[in-house]
Amino acid sequence: MLFTQLYFWGFFSIVLLGYSFIFKQNKARSIYLLLFSFFFYYKTNGVFITLLFFTIVSDFIWGAQIFKAQSQSKKKLFLSISVILNLSLLCYFKYAYFFVGSCNQLLGTEINYVNNFAHFSNTFFGTEFRLDKLLVPIGVSFFTFQSLSYTIDVYRGKVEPVKSIFDYGFFVCFFPHLVAGPIVKANEFLYQIYKPYSLTRIEFGMAVFWIMNGFSKKIVADYIAVNFIDRVFTSPNLYTGLEATFAIFAYSLQVYMDFSGYTDIAIGVALLLGYRLKTNFKSPYKALSTSEFWKRWHISLSSWLQEYLYIPLGGNRSGTIGSYICIVIISLFMVLLSGKLWLLFFIIGFFLMLIFLAFAFPKIKQHINTNINLMVTMLLGGLWHGSSWLFLIWGGLNGLGLVIHKFWQKISPFKNSTNVFVKAVLLFITLTFISFTRIYFRSPTMETANEILDRIGNHFSFELFSEIIWGYLTVLLVVLGGYLIHWIPESFKEKYRNTFASLPLPVMILCCVLVVFSLYQIMSSEMQPFIYFQF
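Scoring rules and cut-offs
- Residues numbered from 1 in each chain as written.
- Predicted model: local features only at pLDDT ≥ 70, side-chain atom pairs only at ≥ 80, totals over all residues.
- Heavy atoms only, no water.
- Patch = residues over 30% accessible without salt bridge, like charges linked within 9 Å, V, L, I, M, F, W, Y side chains within 5 Å.
- Areas by Shrake-Rupley, 256 points an atom, 1.4 Å probe, with all protein chains shown as cover.
- Salt bridge = Lys/Arg side-chain N within 4 Å of Asp/Glu carboxyl O.
- Helix = DSSP H or I, 4+ residues; strand = E, 2+ residues; numbered from the N terminus.
- Contact = heavy atoms within 4.5 Å.
- Buried < 20%, exposed > 50% of the residue type's maximum accessible area, 1.4 Å probe, protein only.
- Axes fitted to C-alpha atoms, helices over the stretch in contact; angles between N-to-C directions.
- Parallel < 35°, antiparallel > 145°, perpendicular 65-115°, else oblique.
- Nonpolar A, V, L, I, M, F, W, Y, C, P; charged D, E, K, R; others polar.
- Phe/Tyr/Trp six-rings, centres within 6.5 Å; stacked < 30°, edge-to-face > 60°.
- Lys NZ or Arg CZ within 6 Å of the ring centre and 35° of its normal.
- Core = buried A, V, L, I, M, F, W, Y, C linked by side-chain atoms within 4.5 Å.

(A) Region of the structure containing a nonpolar patch on the surface. The grouping of Leu341, Leu344, Phe345, Ile348, Leu352, Ile355 and Phe359 at the surface amounts to a nonpolar patch, some 730 Å² of accessible area in total. Here isoleucine 348 shows up in helix α14 (residues 342-360).

See the structure below:
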């Protein structure tokens with residue numbers, strides 16, 4: 001069920017109709033929205049709703065047990081059970097097929113992968129899923145991370161456990177953010193369940209603005225993808241290095257508009273229902289460094305990883321036992337991805353060399369200790385997106401970019417510069433780096449990524465510049481316009497948002513009709529699924 005489909009808005013209209021009778025009663029509205037959220041997820045994911053049921057019941061119980069436990073050891077035990085259950089389910093659905101295939105390649109075995117969940121569904125629900133293919137539930141990473149934040153926050157004493165399983169279920173599967181975020185932490189949302197409904201006239205206008213803004217982003221993202229980006233990444237050998245370069249920068253805009261468009265709509269829909277979701281993007285392509293970029297991009301995931309992974313591992317102070325366990329896990333993935341047993345011995349040798357250097361040279365040891373968790377977090381973030389060398393390289397490159405920026409900050413002569421030209425150069429360097437790492441994020445195979453790099457490295461020329469510009473004039477103007485709008489100062493953006501939110505209702509409705517009508521004129525095909533549904 002896509003936000004951009006008429007079906008969804010019919011569904012949401014029915015939700016609002018019933019909601020208008022019970023919105024003042026906290027318990028009734030939670031149960032009401034919970035039931036519609038279940039329906040939303042069922043229409044999106046079918047039988048996988050049973051996984052959502054399990055997650056809700058399991059962590060509701062473990063949260064209560066953590067709170068009741070008298071000793072710290074019992075609290076840790078119950079938290080560990082919650083973490084292991086959640087991560088085991090997540091790993092099964094995202095990586096089971098990969099592990100079976102990799103073990104067969106590595107050990108020469110012929111183990112057949114059987115999707116037991118698909119078998120269960122086919123037996124009891126009459127579905128026809130293939131048993132030899134992995135089925136990844138849409139949104140499994142998002143609701144798993146949300147549920148984990150609850151048991152961890154209860155353990156840390158940041159929140160008290162909810163008394164009703166209906167309230168907890170509502171927190172986990174509130175439909176606006178259920179399948180693609182933003183990831184909602186327990187300490188940021190639970191208290192809202194018990195607050196009276198409130199929505200000012202300006203907030204209503206702002207909610208409508210975010211919905212229209214997100215819808216516009218998604219339509220434009222699909223347009224540049226279908227008419228340019230997808231063609232280049234499907235057959236890169238048919239294009240020049242200059243076209244490939246344009247496609248890379250266009251993809252950076254597409255993935256931003258697609259993902260932030262979803263969260264804009266989610267924020268607007270949630271606000272109409274009286275709930276405030278956190279901002280997930282803050283104009284990330286205004287960033288002047290990789291560190292600043294990751295503070296502006298997918299903020300809910302970045303902050304989740306920082307709070308529940310990076311800091312517990314030791315942050316920038318030093319590596320911990322957890323850090324080295326994570327390194328072992330990442331190394332295991334690398335060996336399985338390669339299918340080469342010799343890589344295991346190479347990795348062991350590499351780490352033995354690092355240990356020797358750390359003991360022989362104290363400064364090297366200090367650098368390893370203060371940067372190891374940064375690299376681990378980014379590599380795991382890459383693997384969160386998928387079990388492939390492409391995502392691992394993408395995460396590693398971004399981790400390397402963060403580490404290099406830390407060193408550069410210490411010697412940079414431009415650290416506190418207010419010069420516009422310097423800022424423009426830093427912005428362009430950051431955007432270029434982020435965009436080129438996305439070659440690995442967007443490419444379907446390593447061969448495609450290598451072909452794109454080959455086109456840029458060996459077939460780059462400005463000889464056909466005018467022909468390329470005229471050939472893709474409309475698409476390139478849309479891309480340029482998207483970046484220019486993105487770079488508008490935030491103060492100006494706030495003014496036009498507030499102006500729209502303050503419009504009289506008839507004028508606001510007319511504006512919305514004109515925007516929707518205009519956008520549907522540029523739709524070049526059926527609406528594409530949101531990119532982050534696959535994660």
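(B) View of the side chain of serine 300. Tracing the backbone shows serine 300 in helix α12 (residues 299-310). If sequence neighbours within four positions are ignored, serine 300 has contacts with Pro182, Ile183 and Asn280.

(C) Quick peek at the pattern of salt bridges. On inspection of all chains with the given rule, the structure shows 11 salt bridges. Close ionic contact of lysine 185 with glutamate 188 constitutes a salt bridge, the shortest N to O distance being 4.0 Å. Overall, the relative accessible area of 22% leaves glutamate 188 in the partly exposed class. Three or more residues joined by partner-sharing salt bridges are found here, namely Arg156, Lys158, Lys185, Glu188 and Glu307.

(D) Examining the packing of helix α6 (residues 140-156) against helix α8 (residues 186-193) more closely. Viewed as axis vectors pointing N to C, α6 and α8 meet at an angle of 90°, and their least axial separation amounts to 9 Å. With respect to each other, α6 and α8 are oriented roughly perpendicular. Contact residues: α6 offers Ser149, Tyr150 and Asp153, while α8 offers Ala186, Asn187 and Leu190. Tallied by class, the residues present in the contact of α6 with α8 amount to 3 nonpolar, 2 polar and 1 charged.

(E) How the structure looks around the packing of aromatic side chains. Under the criterion given, the structure shown has 61 aromatic pairs. Here the guanidinium or amino end of arginine 438 rests over the ring plane of tryptophan 297, the centre of that ring lying 4.5 Å away.

(F) Focus on the nonpolar core. Counting 147 residues, the largest nonpolar core has Leu33, Phe40, Leu52, Phe171, Phe175, Phe189 and Leu273 as its most contacted members. Per-element tally for this core: the top contributor is helix α10 (residues 241-272), with 20 residues. Setting aside anything within four residues of it in sequence, one finds leucine 52 in contact with Phe38, Tyr41, Phe143, Val172, Cys173 and Leu178.

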